[in-house]
Amino acid sequence: MEFETIPTVPTADEVLDRSLRRAAAKKKLKTNVDRANEEFVRAVASAIHDKLKSVVSSFPSFERLPPFYREVADILISLDRIKKSLGAVSWAADQARTVGSGYARSMRSGGETDRKRRQAVARIASIVHQVEDDLIFLNEARNILRKLPHVSEDEFTIVVAGFPNVGKSSFIRLVSTAEPEIAAYPFTTKGIIVGHRDIGRHERIQFIDTPGVLERPAEERNPIERQAVSAIINTADLVLFIIDTSEHCGYSIENQVRLLDEIRRLVEVPILTVVNKADIRAIEGYPTMSTLTGKGVDEVLDLLLTYRKESKKASPRGPLQSENQQ
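Being a predicted model, the structure only gives us computed values, none of them experimental.

The rules we used
- Residues numbered from 1 in each chain as written.
- Predicted model: local features only at pLDDT ≥ 70, side-chain atom pairs only at ≥ 80, totals over all residues.
- Heavy atoms only, no water.
- Helix = DSSP H or I, 4+ residues; strand = E, 2+ residues; numbered from the N terminus.
- Buried < 20%, exposed > 50% of the residue type's maximum accessible area, 1.4 Å probe, protein only.
- Contact = heavy atoms within 4.5 Å.
- Areas by Shrake-Rupley, 256 points an atom, 1.4 Å probe, with all protein chains shown as cover.
- Salt bridge = Lys/Arg side-chain N within 4 Å of Asp/Glu carboxyl O.
- pLDDT = per-residue confidence, 0-100.
- Phe/Tyr/Trp six-rings, centres within 6.5 Å; stacked < 30°, edge-to-face > 60°.
- Arc of directions from axis to C-beta.
- Right-handed = clockwise from strand over helix to strand, strands pointing away.
- Lys, Arg positive; Asp, Glu negative; His and termini not counted.
- Pairing = 2+ DSSP bridges.
- Core = buried A, V, L, I, M, F, W, Y, C linked by side-chain atoms within 4.5 Å.
- Axes fitted to C-alpha atoms, helices over the stretch in contact; angles between N-to-C directions.
- Parallel < 35°, antiparallel > 145°, perpendicular 65-115°, else oblique.
- Left-handed = near helix turned anticlockwise from the far one by under 90°.
- Nonpolar A, V, L, I, M, F, W, Y, C, P; charged D, E, K, R; others polar.

Novice: With reference to specific residues and values, describe the overall build of the protein.
Specialist: For the protein, the count of helices and strands is eleven helices and six strands. When burial is assessed residue by residue, the protein has 50% of its 326 residues classed as buried. Counting contacts in the protein only where the partners sit at least 6 residues apart, residues at least 24 apart contribute 71% of the total. Carbon and sulfur atoms make up 47% of the accessible area of the protein, which amounts to about 15,900 Å² in all.

Novice: Go over the pattern of salt bridges with me, naming the residues and quoting the values.
Specialist: What the rule picks out here adds up to eleven salt bridges. Note that E38 is salt-bridged to R108, the shortest N-O span being 3.0 Å. Of the two residues, E38 is situated in helix α2 (residues 33-58) and R108 in helix α4 (residues 79-109); the sequence distance between them amounts to 70 residues. Between E203 and R308 there is a salt bridge, with its nearest N and O atoms 2.8 Å apart. In this pair, E203 is assigned in strand β4 (residues 203-209) and R308 in helix α10 (residues 297-311), connecting sequence segments 105 residues apart. Overlapping salt bridges, with partners in common, bring together R35, E38, R42 and R108 in one network.

Novice: Describe the confidence of the model for the protein, and please don't skip the residues or the numbers.
Specialist: Put simply, the protein has an average pLDDT of 84, and 87% of its residues get 70 or more. Taken element by element, the predicted model of the protein shows its lowest mean pLDDT in helix α11 (residues 320-323) (39) and its highest in helix α6 (residues 132-145) (96). Predicted confidence for residues 181-189 stays below pLDDT 50, and this span has 29 contacts to residues more than four positions away or in other chains.

Novice: Kindly report on the packing of aromatic side chains, identifying the contributing residues and their values.
Specialist: All told, the structure shown has six aromatic pairs when counted by the stated rule. When the centroid spacing of 6.2 Å and the interplanar angle of 75 degrees are considered together, the rings of F171 and F207 count as edge-to-face. Taken as a pair, F171 in helix α7 (residues 168-175) and F207 in strand β4 lie far apart in primary sequence, 36 residues in all. By the ring-pair criterion, three or more aromatic residues cluster together here, those being F3, F62, F68 and Y69.

Novice: Provide a residue-level description of helix α3 (residues 67-76), including the pertinent values.
Specialist: Taken as a whole, α3 has its buried residues at F68, Y69, V72, A73, I75 and L76. Viewed along the axis of α3, the buried residues span an arc of 160 degrees, placing them on a single side of the element. In the core, the buried residues of α3 are packed alongside α4, α6 and α8 (223-235). Directly beyond the C-terminal end of α3, a positive phi value near 95 degrees is found at S78.

Novice: Give a description of the pairing of strand β6 (residues 271-276) that names residues and reports values.
Specialist: Most of β6 sits inside the fold, with six of its six residues counted as buried. Side chains of β6 alternate between two faces, with I271, T273 and V275 and L272, V274 and N276 buried alike. For the segment spanning strand β5 (residues 238-244), helix α9 (residues 253-266) and β6, crossover handedness is right-handed.

Novice: Any details on the side chain of S90? Residues and values, ideally.
Specialist: Relative to the elements of secondary structure, S90 occurs in helix α4. Accessibility expressed as a relative area gives 18% for S90, which makes it buried. Among residues more than four places away in sequence, those in contact with S90 are K53 and V56.

Novice: Which residues make up the environment of S106, and what values go with them?
Specialist: Assignment of secondary structure puts S106 in helix α4. Here S106 falls in the partly exposed class, since its relative accessible area comes to 24%. Taking C-alpha positions, S106 is 8.4 Å from K116, a pair spaced ten residues apart along the chain.

Novice: Give me the side chain of D134: which residues, what numbers.
Specialist: Turning to its location among the elements, D134 is positioned in helix α6. One buried charged side chain, D134, makes no salt bridge at all; its nearest oppositely charged neighbour is R81, positioned 5.0 Å away. Apart from residues lying up to four places away in sequence, D134 is in contact with S85, A88 and V89.

Novice: Before we move on, can you summarise the pairing of strand β3 (residues 193-199) with the specific residues and values?
Specialist: For β3, a buried count of five out of seven residues is recorded, marking the element as mostly surrounded by other parts of the structure. Where β3 and β4 come together, seven bridges link them in antiparallel fashion. In the sheet register, V194 faces β4, and the bridge partner there is I208. Following β3, the chain reverses through three residues before pairing antiparallel with β4; G200 in that reversal takes a positive phi of roughly 70 degrees.

Novice: An account of the nonpolar core is requested, with residue identities and associated values reported.
Specialist: In this structure, F171, F207 and L240 are the most contacted members of the largest nonpolar core, which totals 89 residues. The element that contributes the greatest number of residues to this core is α4, accounting for ten residues. Excluding residues within four positions of it along the chain, F171 makes contact with F207, L240, I242, M289, T291, V297, V300 and L304.

Novice: An account of the packing of α2 against α4 is needed here, citing residue identities and associated values.
Specialist: The geometry of α2 relative to α4 is characterised by a closest axis approach of 8 Å and an angle of 170 degrees between their N-to-C directions. Put simply, α2 runs roughly antiparallel to α4. With respect to the hand of their crossing, α2 and α4 are arranged in left-handed fashion. Its residues assigned to classes, the contact of α2 with α4 shows 14 nonpolar, four polar and eight charged.

So, in structure tokens, the structure goes:
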């Protein structure tokens, strides 16, 4: 994932300190004082330009990212704010080089190179400090983006949806051969969980556990809930919707079914609806399981694997769609 390669973004003082040290080393190589001052200014401006440009280039092009990552990044951080800060840092890089080149040229044609060197450094430092807040913000954004779980576009993806505490994470832990990847985001300790299960020797399927989506209008959903909706819409080949018929999750069956109906309107992929906690209470018309006792979990997994096989030779909506429109 591209976010993992983003290096730490330095502060304004760190950019200046590194650049000044590098320039000072080059200055020592010049025996002529005027030429040494000119070289110092050019070196400072060049080092700052290159460092700030490297900050900008270390971030991926968000327009070319998969929709899931674009939406999640926008929810967690704001793409507009990221682009604005990257633009400001790029501007500072260009300004530093322009100012440095201007002073260096004037130093070659005139005297007072010590004074001009100090003026140039002061102006360049002022430019870099103008984007101090942007550098700090970009480093915070980098720290958040690096924690996003890897979601593959090439694997068959089952998004597990439903209200909080209906057994989504428990199901993924039971059917995933790999340890689920858990990412904690701001706003809450609950994030998206990604798990995988090997199918044969060269293929695997991907499970995504969404944070609990609460039944409320879209504009009232918090960032974590909007992440869940984004995962459902943008990554799913199949949605597994889990209903807790015991209502121990804290939500009535009627509310859970209304959320199921909403998700049906959001996606064009099949939805398999399954009842969990069937050891407490089961209802007819749906596959049942208990993630507590493990009963029925293998049968639900078999249904999912059957759809995966059938989807390769059936219509895009697959055989399970009609089953869940009962």
